[in-house]
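Here is how the chains run, residue by residue.
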Amino acid sequence: MGQVDERELDRLEAIIQSMTPFERAHPVEINGSRRKRIATGSGTTVQAVNRLVKQFGQMNKLMKQMSEGKMPDPQALMRGMK
């Protein structure tokens, strides 16, 4: 297993804590102005917020596929991680 970067985990926690409960429950509803507010509140960049929302969406899609008994395409997974 790879090393866990504590600073990165702290950044992710700050981003999530800067979201409202509605935004945490409905990440697809996070528009540009919300992303900017979250980034300012967490002391990060809009790009960091975008990356977290994108990763969450990819993980959600993966979990849904796995719950349906489908094995995700490993190459598609690697493309999504970049």
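Above this text you will find the structure in question.
Residues numbered from 1 in each chain as written. Predicted model: local features only at pLDDT ≥ 70, side-chain atom pairs only at ≥ 80, totals over all residues. Heavy atoms only, no water.

**Some thoughts on the overall build of the chain**
Reasoning step 1: The helix and strand inventory of the chain stands at 5 helices and 0 strands.
Reasoning step 2: Element order for the chain, N to C, with α for helix and β for strand: α-α-α-α-α.
Reasoning step 3: The proportion of buried residues among the 82 residues of the chain is 22%.
Reasoning step 4: The long-range fraction of contacts in the chain, counting pairs at least 24 apart against all pairs at least 6 apart in sequence, stands at 31%.
Reasoning step 5: Counting every atom, the chain has about 6,500 Å² of accessible surface; 58% of that belongs to carbon and sulfur. (Helix = DSSP H or I, 4+ residues; strand = E, 2+ residues; numbered from the N terminus. Buried < 20%, exposed > 50% of the residue type's maximum accessible area, 1.4 Å probe, protein only. Contact = heavy atoms within 4.5 Å. Areas by Shrake-Rupley, 256 points an atom, 1.4 Å probe, with all protein chains shown as cover.)

**Thoughts on the side chain of glutamate 23**
Reasoning step 1: Mapping glutamate 23 onto the fold places it in helix H2 (residues 21-25).
Reasoning step 2: The class for glutamate 23 is buried, based on a relative accessible area of 1%.
Reasoning step 3: Reaching out from glutamate 23, the side chain makes a polar contact with the side chain of arginine 34 at a distance of 3.0 Å. (Polar contact = N/O pair within 3.5 Å; in protein donor to acceptor, adjacent residues only side chain to side chain.)

**A short note on a nonpolar patch on the surface**
Reasoning step 1: Taken together, the side chains of Met59, Met63 and Met66 make up a nonpolar region of the molecular surface, amounting to roughly 290 Å² of accessible area.
Reasoning step 2: Inspection of the secondary structure assignment puts methionine 59 in helix H4 (residues 46-67).
Reasoning step 3: According to the relative accessible area criterion, methionine 59 is partly exposed, its value standing at 38%. (Patch = residues over 30% accessible without salt bridge, like charges linked within 9 Å, V, L, I, M, F, W, Y side chains within 5 Å. Salt bridge = Lys/Arg side-chain N within 4 Å of Asp/Glu carboxyl O.)

**A few points about helix H3 (residues 32-42)**
Working note: α-helix, 3.6 residues per turn, so residues spaced by three or four point in the same direction.
Reasoning step 1: Within H3, burial applies to Arg35, Ile38, Ala39 and Ser42. Buried residues of H3, viewed axially, fall in a sector of 100°; they line one side. Those residues of H3 that are exposed and angled more than 90 degrees off the buried face are Ser33, Lys36, Thr40 and Gly41.
Reasoning step 2: Where H3 is buried, its residues touch helix H1 (6-17), H2 and H4.
Reasoning step 3: At the C-terminal side of H3, glycine 43 shows a positive phi close to 70°. (Arc of directions from axis to C-beta.)

**Some remarks on the environment of isoleucine 38**
Reasoning step 1: Within the element layout of this structure, isoleucine 38 appears in helix H3.
Reasoning step 2: Taking C-alpha positions, isoleucine 38 is 9.0 Å from alanine 14, a pair spaced 24 residues apart along the chain.
Reasoning step 3: Beyond its immediate chain neighbours, meaning those up to four positions away, isoleucine 38 contacts Ile15, Ser18, Met19, Glu23, Ile30 and Val49.

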